[in-house]
Amino acid sequence: MEKKNNIELLSQLALVVGGISIFIAVLLLLNYWNISRYDPLDSQALVALVERLSDEPDNDALKLEIRNLDLLARKAYFTSQWQVKTGGFLLLFASIFFVLVLKILYDMKKKIELPEVEEEKGMIDRILSQRWIGAIGILLVIGALLASFASNDYLEKYVAGSSEDGQTKIDESIEVIEITSSESLSDNQGLATGLAEVDSSVAEQNTNVDVANDPSLEGLASETKASIDASNTSNINYPDLNEIKKHHNGFRGPLSQGISFHKNIPIDWDGAGGKNILWKTEVPRAGKSSPVIWANHLFVSGADAQSRWVYCYDRNDGKLLWEHEAKDIEGSPASAPKTTPDTGLAAPTLATDGERVYAIFGTGDILALDMSGTRLWAKNLGVPDNHYGHSSSLLCWEGRLVVQYDTNRSGRLLALDLQNGNPIWDVPRNHKISWASPVLAEIGGKYQIITSADPLVIAHDFESGKELWSVECMMGEVGPSVAFSEGLVYASNEYARMVAIKPGAGSADIVWEYDEYLSEASSPVAVEGLIFLGTSYGVFACFDAKTGEMQWEFEGNSGFYGSPIAVDGKIYVMDMSGTTYIFEISRELKLIGEPALGEKSVVTPAFAEGKIYLRGTKYLYCIGA
Amino acid sequence: MRNKYLRIILLLLSLIITGELTAQNRFPKPEFESGYVQPSPTTPEPRAFAMEYFDVFILIAVLLLISYFIFRKRSRRGILWTSVFSLIYFGFYRNGCICSIGAIQNVTLTLADPNYGMSVVALLFFILPLVFALYTGRTFCAGACPLGAIQDLVVHKPIKLPVALQRGLGMIPYLYLGLAVLYAATGTDFIICRYDPFVGIFRMDAPFTMIVLGIGFLLVGIFVARPYCRFFCPYGVLLNWMSSFSRWHLTITPSECVSCKLCENSCPFDAIDIPDHSIQKKDVSKNVKRFLIFTLLIPIWMALGAWVGHQSHVFLSKGNSQVYLAELLISHPELKSDIDNLDIQAFLASGKSMDVLVEEASLIRNKFRIGSWILGAFIGLVFGIKLLKQFVYRKKEDYEPNKGECLSCGRCMDYCPVES
């Protein structure tokens, strides 16, 4: 009877204690909800007052008000903290007591169970035990071996004196040349244009190229008066603009302006069905770099986590002429830096001057190869801290290789000597990281390198690296490169704006602004008084170059990451689904064709002699009528 | 019955909430100037010397009390309340530290590194439970260990795991012990402390994942009694060895076993050796042959284990902070400019060269090379012996606790109808 009473009492006690535990838990939950809902740091009143303080720094009454509000928020916060801690302890003790009461209760209720008659199976258990022990042993061995094979022994690969000391060596090898004044450069030996005879056979074949009389050439220099470092380049001839226009030697064509000078480009093809596909070949490794072309050579890069490669194809038949692995480069990281899949390690487009081809990878490795794939020089610029991956393409002009090398920690703009990779000048970029590429434009008779980043569109003198002008107009993660036409620079970025900039002597002015359809990665192109721009959400739009007024808009099937190219009186732009939209360069929307590649793509087309070259996710295509 | 589990689950959920709520960020400093001078951080004083020995006194007292309840009083209830006291004292009051389980690492590091000084208290916490186990069985597990006590309290509906599964899982504590010794001997980490699943509950503060791990063990512990003790605890390995040779040990019956079978299901840890008459004489003779073969195989298992251990040393050594830092800087030299990476910034501020860092890391890796070799051989030995034990047959007529596995909780004593 007494036991029964005790059980009854304990049951009721368990109910009470359990109820209290749940009650405290609910209070704690409510407190937690309240704290998470009201963050004292996000107090709008406090933020507003602090903002006011920046306008009125001497307002003592305002300071007192802020202090009082801040104190109030702190008191509220610490009171909540105290409640949480006290409630936590109460809950813990209540829970322990609850467990003990339950324990005693069930011990009292417990009855000795009658034994079940179980079959004796000692031998079976022993045999099964052997199997289980064996299985655990095998799992351990497999796990250990897999882990060991998946582990890189970096210590083993380390060469004494090659790390921080290697980094120092790299930094030392990149001579930081003091920015020289333009006057001092006047002593440099000027080189006449048109001296390059890179590939005479090609020059003879270029009947489709109308260089001198192309109206879209305005803005591009007719003659180049390069003043190249005489000590480095006095005996070397580089292709002039007329020569470069016969090829497609870099990202977005000559000078990276998005204009190609070829004719009779096909407007209809079908990648999947094979219509007008002259050849199609698989690129061994993935890459987002666009094709570049010089004479019969077509270059792309590719990479995976293990290696980085430059590929050279015969652009006439798609045959792989040679491939070169970017390895054994001093300072190159043992393992590739992390990049996002949509950028990768081979995003920057290569550049070529007809004698050499230049490539840069997301590891910071930069190298020059001759046209037969023999390495001429290579170096590492320091592994970039870039959360997407390095993507700024190279620009090659008049004996110099222009490298925009932005990282999360610092940025540099370098002009390297094409012959040996030594820096001719190296200037810091004191703004945020950018994924855009440098563009060359002749303004006021001199060549300027124009780049875009948050917050500046900035121009540097090609000869000296000296900053010529800058405009604070960009924001966010800038991907599109600038466009240039008729003396105006056009910069755009998603969530920022599109601006037209009129560069002047030592300064520049914004002519107009626009902020509706903006590009994320695709660069705009300016030609014949119009600007063409593709957005990442599939809208392609045309604007008046002088006023920014939208002329027309077109909605494609997919977003645009590849950049539009003006060629043969038309605009060619490929969306991410692989469909190329061909528009007439006109103030009216005139869609000429929308042929499909048959696979996805984010690259920019290249052109040569009546043919278009496209790179899909997997294949490289040559398209001709 | 359903209400019972509902209440337990509610209780455990509320424990999770408690842990999470008490782990909030601190309020940041004010942003504007006020003339207030921030006090410099201070390091808490260590526990008073006398109080440390008081902990030892408490440990001895608890071990003696448990022994008294086992051998004199045969009282399960006495053991239970003692374990509740240990849970409160060693768990919640002492925050789970000092701890005999973690002391394995102190002892190891003392033996491996002559520059490391181990306190006498830590040594006593390591030795005393082992000495008691040598004489009285696993009395430490029964009521002195707070980790065991908290799990013991939630045992409500234990299921009987297949014998073979238990024996297979029984390999894990040896592996954990070996890894803990390896990491402590190389000065890498005290992994037993770092991954103690219950210390977060004792301290009411831990990373969320550790709280979840602790609560997870308790939830599993409702049905699989004391899972950490049986399938993970590295100190349990040592206690098992000692207890196997214990001079006195808890017995189910106070006098002679009458084979009534009432205690057969009383042990939630399946630590009662039940007489088995299914094994025939012919099986035994076959077993002799297998026993000899498997004895000869032990050196092969050890050699295989040593080879696998050697192969794994690169992977295992990556847990060392110095090796990790060196490899990180070799593979990602750009991180030197990462001002948010405190380890790298501390290294750069130290003025130490990369060559020195790599040299030091290589020395540690060499220690791992040797240690992993030994660890592999040890696991091979355990594997061989575990297999061999399956061929050892001892005839039994009485229901007896397995001296090594028995946690001396005393539950079985309540089931025995025999009077002393």
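Residues numbered from 1 in each chain as written. Chains lettered and ligands numbered in written order. Predicted model: local features only at pLDDT ≥ 70, side-chain atom pairs only at ≥ 80, totals over all residues. Heavy atoms only, no water.

Moving on, we come to the overall build of chain A. Each helix and strand in chain A was counted, giving nine helices and 34 strands. Sequence-distant contacts in chain A: of pairs separated by 6 or more residues, those separated by 24 or more amount to 58%. Accessible area for chain A stands at about 26800 Å²; split by element, carbon and sulfur atoms hold 53% of it. (Helix = DSSP H or I, 4+ residues; strand = E, 2+ residues; numbered from the N terminus. Contact = heavy atoms within 4.5 Å. Areas by Shrake-Rupley, 256 points an atom, 1.4 Å probe, with all protein chains shown as cover.)

Moving on, we get to the overall build of chain B. The number of helices and strands found in chain B is 18 helices and two strands. Burial analysis of chain B (420 residues in total) assigns 52% to the buried set. A separation of at least 24 residues holds for 83% of the contacts in chain B among residues at least 6 apart in sequence. As displayed, chain B has an accessible area near 20400 Å², and 64% of this comes from carbon and sulfur atoms. (Buried < 20%, exposed > 50% of the residue type's maximum accessible area, 1.4 Å probe, protein only.)

All names here are of chain A. Structurally, the position occupied by S391 is in the loop between β11 (375-380) and β12 (395-397). Owing to a relative accessible area of 15%, S391 belongs among the buried residues under this scheme. A polar side-chain atom of S391 sits 3.0 Å from the main-chain carbonyl oxygen of W435. (Polar contact = N/O pair within 3.5 Å; in protein donor to acceptor, adjacent residues only side chain to side chain.)

Here we take up the pattern of salt bridges. Once the charged atoms of two side chains with opposite charge are near each other, the side chains can pair. All names here are of chain A. Counted under the stated rule, the structure contains 28 salt bridges over all chains. Close ionic contact of R285 with D304 constitutes a salt bridge, the shortest N to O distance being 3.2 Å. Note that R285 is positioned in the loop between β3 (277-282) and β4 (292-294) and D304 in the loop between β5 (297-303) and β6 (308-314), a separation of 19 residues in sequence. Residue classification places R285 among the partly exposed positions, given a relative accessible area of 22%. Look at D304 and you get partly exposed, because its relative accessible area is 29%. The salt bridge involving D544 is made with R587; its shortest N-O contact spans 2.6 Å. (Salt bridge = Lys/Arg side-chain N within 4 Å of Asp/Glu carboxyl O.)

Turning next to the packing of helix α3 (residues 76-93) of chain B against helix α7 (residues 146-153) of chain B. Residues and elements named next belong to chain B. Packing of α3 against α7 leaves a shortest axis separation of 8 Å and a crossing angle of 125°. In this view, α3 runs oblique relative to α7, as classed from their interaxial angle. Regarding α3 and α7, the two cross each other, and that crossing is left-handed. Along its contact with α3, which presents R76, L80, S83, V84, S86, L87, F90 and G91, the element α7 presents P146, A149, I150, D152 and L153. Per-class residue counts for the contact of α3 with α7 are eight nonpolar, three polar and two charged. (Axes fitted to C-alpha atoms, helices over the stretch in contact; angles between N-to-C directions. Parallel < 35°, antiparallel > 145°, perpendicular 65-115°, else oblique. Left-handed = near helix turned anticlockwise from the far one by under 90°. Nonpolar A, V, L, I, M, F, W, Y, C, P; charged D, E, K, R; others polar.)

Right, let's get into the sheet that holds strand β34 (residues 619-624) of chain A. Two modes of strand pairing occur in sheets, parallel and antiparallel, and in both the strands are linked by backbone hydrogen bonds. Residues and elements named next belong to chain A. Overall, antiparallel pairing links the four strands, which are arranged β3-β34-β33-β32 in an open sheet. For this open sheet the edge positions go to β3 and β32 (606-608), each flanked by a neighbour on one side alone. Looking at each pair of strands side by side, their axes are set apart by 20° on average, direction ignored. Bridge analysis of β3 against β34 gives five bridges, and the strand direction is antiparallel. Its bridge partner being in β34, I277 is matched across the sheet by I623. (Pairing = 2+ DSSP bridges.)

Detail in the predicted coordinates should be disregarded across regions flagged by low pLDDT. All names here are of chain B. Residue-level pLDDT values for chain B average 87, and 90% of them are 70 or greater. The spread of mean pLDDT over the elements of chain B runs between helix α1 (residues 2-21), the lowest at 54, and helix α9 (residues 172-185), the highest at 96. Contacts from residues 20-26, a stretch scored under 50 in pLDDT, to residues over four places away or in other chains number 17 contacts. (pLDDT = per-residue confidence, 0-100.)

On to a negative patch on the surface. Taken together, the side chains of A:D515, A:E516, A:E553 and A:E555 define an acidic patch exposed on the protein surface. For A:E555, a relative accessible area of 61% corresponds to the exposed category. (Patch = residues over 30% accessible without salt bridge, like charges linked within 9 Å, V, L, I, M, F, W, Y side chains within 5 Å. Lys, Arg positive; Asp, Glu negative; His and termini not counted. Charge placed at Lys NZ, Arg CZ, Asp CG, Glu CD.)

Position of A:T281 relative to the elements: it lies in strand β3. Setting aside residues no more than four positions away along its own chain, A:T281 makes contact with A:Y313, A:G318, A:K618, A:Y619 and A:L620.

Residues and elements named next belong to chain A. All told, the structure shown has 43 aromatic pairs over all chains when counted by the stated rule. Judged by centre distance (6.3 Å) and plane angle (40°), the ring pair of F540 and W552 falls under tilted. Of this pair, F540 sits in strand β26 (residues 539-544) while W552 sits in strand β27 (residues 550-555), and the two are 12 residues apart along the sequence. Assigned by exposure class, F540 and W552 land together as buried. Cluster of aromatic residues (ring-pair linked, three or more members): F532, F540, W552, F554, F560, Y581 and F583. One residue, K245, lies across the ring of F261, its end atom 5.3 Å from the ring centre. One residue, K280, lies across the ring of Y619, its end atom 4.4 Å from the ring centre. (Phe/Tyr/Trp six-rings, centres within 6.5 Å; stacked < 30°, edge-to-face > 60°. Lys NZ or Arg CZ within 6 Å of the ring centre and 35° of its normal.)

This brings us to the environment of B:L296. In this fold, B:L296 is placed in helix α15 (residues 281-317). In the structure, B:L296 is positioned 88 residues away from B:G384 in sequence and 9.4 Å away in space, judged by C-alpha atoms.

Now for the pairing of strand β17 (residues 446-452) of chain A. All names here are of chain A. By the criterion of burial, β17 is predominantly enclosed, with six of the seven residues buried. Strand direction decides the pairing type here: strand β16 (residues 439-443) and β17, joined by five bridges, are antiparallel. Paired with E442 across the strands is Y447, a residue of β17. Hairpin connection, β16 to β17: the antiparallel pair is bridged by two residues, and G444 has positive phi, about 65°. Note that β17 and strand β18 (residues 456-461) share five bridges and pair antiparallel. Opposite S452, over in β18, you have V457 as the bridge partner. Between the antiparallel neighbours β17 and β18 lie three residues.

All names here are of chain B. A cluster of nonpolar side chains, F71, L123, I127, V131, L134, Y135, F245 and W248, forms an exposed patch at the surface whose accessible area comes to about 750 Å². Here L123 lies in helix α5 (residues 120-136). Looking at L123, the relative accessible area reads 35%, which means it is partly exposed.

On to the nonpolar core. All names here are of chain B. With 118 residues, the main nonpolar core has F198 and Y235 as its most contacted residues. In terms of residue count, the dominant contributor to this core is helix α18 (residues 354-389) (12 residues). Beyond its immediate stretch of four places on either side in the chain, Y235 contacts S100, I101, I104, F125, F126, P129, L130 and F140. (Core = buried A, V, L, I, M, F, W, Y, C linked by side-chain atoms within 4.5 Å.)

Here the focus is the sheet that holds β6(A). Residue and element names in this part refer to chain A. One open sheet accounts for four strands, arranged β4-β5-β6-β7; its pairing is antiparallel. The open sheet has two edge strands with one neighbour each: β4 and β7 (320-325). Across the sheet, the mean angle separating the axes of adjacent strands is 25° when strand polarity is ignored. As defined by bridge partners, β5 adjoins β6 across seven bridges and the pair is classed as antiparallel. Residue A303 lies in a different strand from β6, and its bridge partner there is R308.

With an omega of 10°, the peptide bond between A:D454 and A:P455 qualifies as cis. Looking at the element boundaries, A:P455 is found in the loop between β17 and β18. Each neighbour pair has its own omega, and for B:C97 with B:I98 the value is 25°, a cis peptide bond. Relative to the helices and strands, B:I98 resides in the loop between α3 and α4 (100-112). In this structure, A:N276 takes a positive phi of about 60° despite not being glycine. Here A:N276 shows up in the loop between α9 (241-244) and β3.

In this section: the pairing of strand β14 (residues 411-417) of chain A. All names here are of chain A. Counting buried positions along β14 gives seven out of seven residues, so the element sits mostly inside the fold. In β14, alternate side chains face the same way, and those of G411, L413, A415 and D417 on one face and R412, L414 and L416 on the other are all buried. Looking at chain direction, strand β13 (residues 400-406) and β14 are connected through seven bridges and run antiparallel. Among the inter-strand pairings, V403 is bridged to a residue of β14, identified as L414. Here five bridges tie β14 to strand β15 (residues 423-428), and the two strands are oriented antiparallel to one another. Looking at β15, one finds that A415 is bridged to W425. Between β14 and β15, which pair antiparallel in sequence order, lie five residues; one of them, G421, sits at a positive phi of approximately 80°.

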